Amino acid sequence: MTRETFEHIVRILRPRLERQETSFRQPVSVEKRVAVAIWCLATGSCYRQAKDQFGIGLATVCSAVLEVCYALETELLSKTISLGGEVGAIMDGFAAMGFPHCVGAIDGTHIPICAPGGSPEQYGNRKKFSSILLQGTVDHRGRFIDVEIGWSGKNHDAFVFKNSAICAAMDAGTFIPGNPSLQLGGVAVPPVIISDGAYPLRRWLMKPYGTHGETNAHKHFDRALCRSRNVVERCFGRLKSRWRCLATRLNCREENVVAVVTACTILHNICEEHGHNSLCHMGDPNPVLVPQEEEAGLEPDRSHLEEGKVVREALATFMFANARQ
């Protein structure tokens with residue numbers, strides 16, 4: 001992060017973080033509190049190290065990190081993590097990767113946490129550690145356009161998805177302004193989001209054919225989808241490499257976990273917008289792999305299956321025909 005980006009964040013948060021001077025002592029400046037929070041989130045270091053690094057008390061470090069995270073969530077969440085007015089540019093970006101009429105790629109990643117009250121069964125996942133799930137939907141550049149944070153790591157991606165705000169909004173046709181459809185072979189194709197095989201097929205949610213692919217068009221569709229969907233894997237990799245607190249066990253109270261993770265996703269988008277490189281340009285440093293055709297013991301969601309199959313077939317036929325031209 002450059003000084004200019006840091007100062008930009010300080011300017012936005014100053015009205016919420018500034019403290020009144022008293023005759024007893026000078027308050028810690030907004031600049032220092034924001035710097036403390038960013039340092040702790042970026043390094044994943046314990047608060048005692050931050051205390052020595054910045055020459056302030058331990059309690060001040062704790063309060064600074066939480067105050068900045070909650071201020072970021074309040075001031076910047078709706079402004080930073082959204083589609084904005086860039087739907088056309090996002091569709092063009094995915095089309096350039098080989099997947100038309102797409103507005104996002106969705107996936108989930110586990111954020112390790114300390115088990116609340118020493119009870120790992122509440123948040124224990126199938127990888128045998130305590131975590132919460134971060135479901136992220138990203139655009140063609142790897143910038144979050146929606147996040148769902150806070151579900152226990154013991155839940156499956158498909159369960160979190162079905163209970164998420166973006167699922168309800170896409171079902172209602174309200175997430176994309178105007179919800180423009182594309183006519184392909186007599187099929188009205190809505191703006192789509194792409195996912196891996198762990199997610200349920202819907203009219204607007206495309207997943208690979210996997211082992212059910214029977215034709216060259218199906219295989220071409222799977223290759224294009226996986227190539228385009230890789231943007232979300234790289235996004236999680238950059239997120240965790242920038243904000244190392246997410247790659248190690250998050251050291252905060254249960255009630256503050258969502259605010260801290262949300263703050264990291266907001267800061268990720270700010271860094272992406274300002275063109276700052278991360279230490280990692282590959283995939284998730286700690287990927288949680290779900291087999292393409294496995295629902296991890298869940299009852300498959302078939303309520304939207306037939307509509308999804310029709311749209312997927314129309315897209316596969318169109319993409320294969322265009323690839324051959």
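Residues numbered from 1 in each chain as written. Predicted model: local features only at pLDDT ≥ 70, side-chain atom pairs only at ≥ 80, totals over all residues. Heavy atoms only, no water.

- Naming follows an unreviewed UniProt entry, where the protein appears as Nuclease HARBI1 of Eublepharis macularius.
- According to its UniProt record, the protein has this under Subcellular location (unreviewed entry): "Nucleus".
- Among the UniProt annotations of the protein, the heading Sequence similarities (unreviewed entry) holds the following wording: "Belongs to the HARBI1 family." (UniProt positions renumbered as here; feature names shortened; annotations may be inferred.)

**What about the side chain of Asp146?**
Then, in step 1: Structurally, the position occupied by Asp146 is in strand E3 (residues 144-152).
Then, in step 2: Arg143 is the oppositely charged side chain nearest to the buried, salt-bridge-free Asp146, at an N-O distance of 11 Å.
Then, in step 3: Apart from the residues within four sequence positions on either side, Asp146 is in contact with Ile81, Gln135, Gly136, Thr137, Ile166 and Phe175. (Helix = DSSP H or I, 4+ residues; strand = E, 2+ residues; numbered from the N terminus. Buried < 20%, exposed > 50% of the residue type's maximum accessible area, 1.4 Å probe, protein only. Lys, Arg positive; Asp, Glu negative; His and termini not counted. Salt bridge = Lys/Arg side-chain N within 4 Å of Asp/Glu carboxyl O. Contact = heavy atoms within 4.5 Å.)

**Concerning the packing of helix H2 (residues 30-43) against helix H3 (residues 47-54)**
Then, in step 1: Packing of H2 against H3 leaves a shortest axis separation of 10 Å and a crossing angle of 140°. Here H3 runs oblique to H2, going by the angle between their axes. With respect to the hand of their crossing, H2 and H3 are arranged in right-handed fashion. Contact with H2, carried on its side by Lys32, Ala35, Val36, Trp39 and Cys40, involves Tyr47, Gln49, Ala50, Gln53 and Phe54 of H3 and no other residues of that element.
Then, in step 2: Looking at the contact of H2 with H3 residue by residue, the classes come out as seven nonpolar, two polar and one charged. (Axes fitted to C-alpha atoms, helices over the stretch in contact; angles between N-to-C directions. Parallel < 35°, antiparallel > 145°, perpendicular 65-115°, else oblique. Left-handed = near helix turned anticlockwise from the far one by under 90°. Nonpolar A, V, L, I, M, F, W, Y, C, P; charged D, E, K, R; others polar.)

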